[in-house]
Every structure is written in C-alpha cells, then in structure tokens.
Amino acid sequence: MVYRRCCCSRYDHIRFAAVCTSWRAVASWHPKPPALPLLLPSTGDAKRDRKARAYILEDGRALRRPLPGFPWGKRIIGSHDGGWVAALTGTRLFIMNVFSGTRVALSARQSIISEEDNSITKIIFSEDPSSSTCIVAAMTTRCKVALCWISLPGGRWLTRGSTADDLTDIAFCNGTDLYGLGRYALYRLLIGADGKGAPVVTSVHRIRIKMPIFTDCWEMSHDKYIFELRGKLAIAMKFSPKFYCCNNHCFRVFQFDGIENKSIELTSLGDHALFLGPACSKAVHMPLTG
C-alpha cells in the first residue's frame, strides 16, 4: 500500500528502495516503471562539474546529490539507456554508468581510438554496453567511422574513411543497422568482420530518398540529425527564419519507411521526446501518465 502511494516513477522507485533493506525488498516485488531521461550538465572541468546536479525533467528540479558515477572533468560524447555514458579525457575513452559507478573494462587498445588531429566527436552503442554483443561506433573529426566489439579478446578499433562527404552524425537503428549523415546525403554503412572477427565497415551505400519535399528541405536546412524512432530511421532538420516562414528557429522531422526509402513528415512525436546536441540525437520514450 505504501509503495503504491509513493512510487509513480522510476526515480520514486529508486528513492523508495534506498530507505532501508525492508523497503528495498518490497521494491523488488514490483516491476520498475519506465525510466525517464536526466539532463547531465557537463563542462569537462572537474571543479565545476562537482557542483553540477543532474536535472529531472519529470519533477522539474535537480537532484540533491551528485550521481556516484558522474565522469568529473571528462567530456561526455555519447550515452545509452540505463545511465551509461561515454566520456573522454584527452584521447582516452571511458564507458561508465552514472548511477552505479560501474565501468566497462577497456584494454589499452580499446581506450584510445584516434591519433593526433583525429579526435572523437561522438560515440554510439548498438545495445547495452554491458552486453557481450554490444558494438561501439565512433565518429571522428576526419569524418571516419571506427568500430569496436569490446568483448572480443584482443579487440581494437578499426576505422574507415566513410565517404567523400563530411559526416555530421551517425546512428544505429534496430541495434544492427548503422547509418551516417553527411552534408549532402544519407548513407548506410554495412558492417562485416575482419579475419579475427572484429567488426568493420565493409561498404557504404548512398540512400536515395523518394520525396520532393524532403529534397527541398534538405537544401534549405541548417543543421541535421539522425536517430531511431519506433524502430525506424528519422531525421530532424533545423531551419532559420530566413529559410522558413516562421519567426523563430524550428525543426522539421521526417521518418523513413525502411522499404522504398520514402520519407514522411511527422507533425507529432507522440509519446517520445527528442533531444539534440553536439554529441546527442536521441528520441526518448516518455509515457504519458496522470
């Protein structure tokens, strides 16, 4: 009875379980509510980051205490559901969970992707980083795509120059299909394996979009992002007032059918919220409650 009155969200569930052993046991009897996103302020400066607190969108306030696994002084360049983040210190990569403080074990060859003048701009995961089948993809400043299967013994990063087009974003769709977004086109990057079983981009195919309005929007858009939405690939395009009939900057979202590469413009994301940033393009399920 007490649990039902106190716990309406994933964070209420966590707070309830933290009270004592008995309450933790009661919490374990109930299914966990779906997790809602946290906004993590990160400057890359350890002193400033220690004063920062994660912001809870659901409650409209910041957490009272810092997260135990927050990567102080590191630059966050990727994330995954469940509190996983990828962060950099110089050229060294760390993958950790901000809630538990757990770190994914990386070898010396796995923790450094890039050489001089080829730094990482974004990291994405095919599935939960703690999974033995998770593939990690990185986008670098030289517009190369690097892949790594962390659980592979002796594994390392394998890079490939993707296209003549400069990549601005990458995304996994359905955990296995990897896509790259260039300034002038959208690409599908096919993943194969080298002689040792390590994942590598074997070929790159340009996707031809069959919709005039999409082509017109592409040419007028300032910034573009790709992400997975309900199991299909989607793209968000930013317009400025001089390009589009509105008083403020706005975004238009298109989703692809995955069969004939037709694009459909969406007027609503439904029960999803879209988060866009320098190292983030993610649609998060936010169930409507209350």
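As the structure is a computational prediction, the values presented were derived from the model and not from experiment.

Basis of the calculations
- Residues numbered from 1 in each chain as written.
- Predicted model: local features only at pLDDT ≥ 70, side-chain atom pairs only at ≥ 80, totals over all residues.
- Heavy atoms only, no water.
- Helix = DSSP H or I, 4+ residues; strand = E, 2+ residues; numbered from the N terminus.
- Buried < 20%, exposed > 50% of the residue type's maximum accessible area, 1.4 Å probe, protein only.
- Contact = heavy atoms within 4.5 Å.
- Pairing = 2+ DSSP bridges.
- Phe/Tyr/Trp six-rings, centres within 6.5 Å; stacked < 30°, edge-to-face > 60°.
- Lys NZ or Arg CZ within 6 Å of the ring centre and 35° of its normal.
- Polar contact = N/O pair within 3.5 Å; in protein donor to acceptor, adjacent residues only side chain to side chain.
- Salt bridge = Lys/Arg side-chain N within 4 Å of Asp/Glu carboxyl O.
- Axes fitted to C-alpha atoms, helices over the stretch in contact; angles between N-to-C directions.

S.K.: Would you mind going over the overall build of the protein with me for this structure?
M.R.: Looking only at helices and strands, the protein has five helices and 20 strands in total. Residues counted as buried form 43% of the 290 residues belonging to the protein. Long-range pairs, those at least 24 residues apart, make up 40% of the contacts in the protein with a sequence separation of at least 6.

S.K.: Just checking my understanding: could you explain the sheet that holds strand β2 (residues 55–56) for this structure?
M.R.: In sheet architecture, strand pairing relies on hydrogen bonds along the backbone and comes in two forms, parallel and antiparallel. If you walk across this open sheet you meet the three strands as β1-β2-β3, and the pairing is antiparallel. Either end of the sheet is taken by a strand with one partner, and the two such strands are β1 (38–39) and β3 (61–62). Bridging between β1 and β2 involves two bridges; their strand directions are antiparallel. Within β2, the position partnered with Leu39 by the bridge is Tyr55.

S.K.: Is there a simple way to think about the packing of aromatic side chains in this case?
M.R.: Ring pairs (aromatic) are described by centroid distance and by the angle formed between their planes. Scanning the entire structure with this criterion turns up one aromatic pair. An angle of 50 degrees between the planes, with centres 6.4 Å apart, marks the rings of Tyr225 and Phe251 as tilted. Taken together, the positions of Tyr225 in strand β15 (residues 224–229) and Phe251 in strand β17 (residues 250–256) put the pair 26 residues apart, joining distant regions of the chain. Judged by its relative accessible area of 42%, Phe251 falls in the partly exposed class. In this structure, Lys74 packs its charged tip against the face of Phe94, placed 4.9 Å from the ring centre.

S.K.: Sorry, what's going on with the side chain of Asn97 here?
M.R.: When you line up the elements, Asn97 lands in strand β6 (residues 92–97). Within the local environment of Asn97, its side chain forms a polar contact with the backbone oxygen of Gly82, the two atoms lying 2.9 Å apart. The residues touching Asn97, leaving out its near neighbours within four places in the chain, are Gly69, Gly82, Gly83, Trp84 and Thr102.

S.K.: Would you mind showing me how to read the pattern of salt bridges here?
M.R.: When their charged atoms lie close together, side chains carrying opposite charge are able to pair. In this structure the tally under the stated criterion is four salt bridges. The shortest N-O distance in the salt bridge between Asp177 and Arg188 comes to 2.9 Å. Placement of Asp177 in strand β12 (residues 177–182) and of Arg188 in strand β13 (residues 186–193) is noted, with a sequence separation of eleven residues between them. One salt bridge in this structure joins Arg252 and Glu265, with 2.6 Å as the shortest N-O distance. Placement of the pair is Arg252 in strand β17 and Glu265 in strand β18 (residues 263–266), with a sequence separation of 13 residues. For Arg252, a relative accessible area of 12% translates into the label buried. A relative accessible area of 29% means that Glu265 is categorised as partly exposed.

S.K.: What is the right way to look at the sheet that holds β18 in this model?
M.R.: On the basis of which strands lie adjacent, the open sheet formed by four strands has the order β15-β16-β17-β18 and antiparallel pairing. Each edge of the open sheet is held by one strand with a lone partner, namely β15 and β18. With direction set aside, neighbouring strand axes in the sheet form an average angle of 30 degrees. Of the pairings in the sheet, the one linking β15 to strand β16 (residues 232–239) comprises six bridges and is antiparallel in character. Bridge assignment links Tyr225 to a residue of β16, and that residue is Ala236. Lying on the sheet, helix α5 (residues 212–220) is in contact with β15, β16, β17 and β18; it crosses β16 at an angle near 50 degrees.

S.K.: When you look at the pairing of strand β19 (residues 272–277) in this model, what are you seeing that I'm missing?
M.R.: If a strand is regular, its side chains alternate between the two faces of the sheet. Pairing geometry for β19 and strand β20 (residues 280–285), over six bridges, is antiparallel. Looking at β20, one finds that Leu276 is bridged to Ser281. Adjacent in sequence and paired antiparallel, β19 and β20 are bridged by two residues.

Just distances and angles here, no functional claims.
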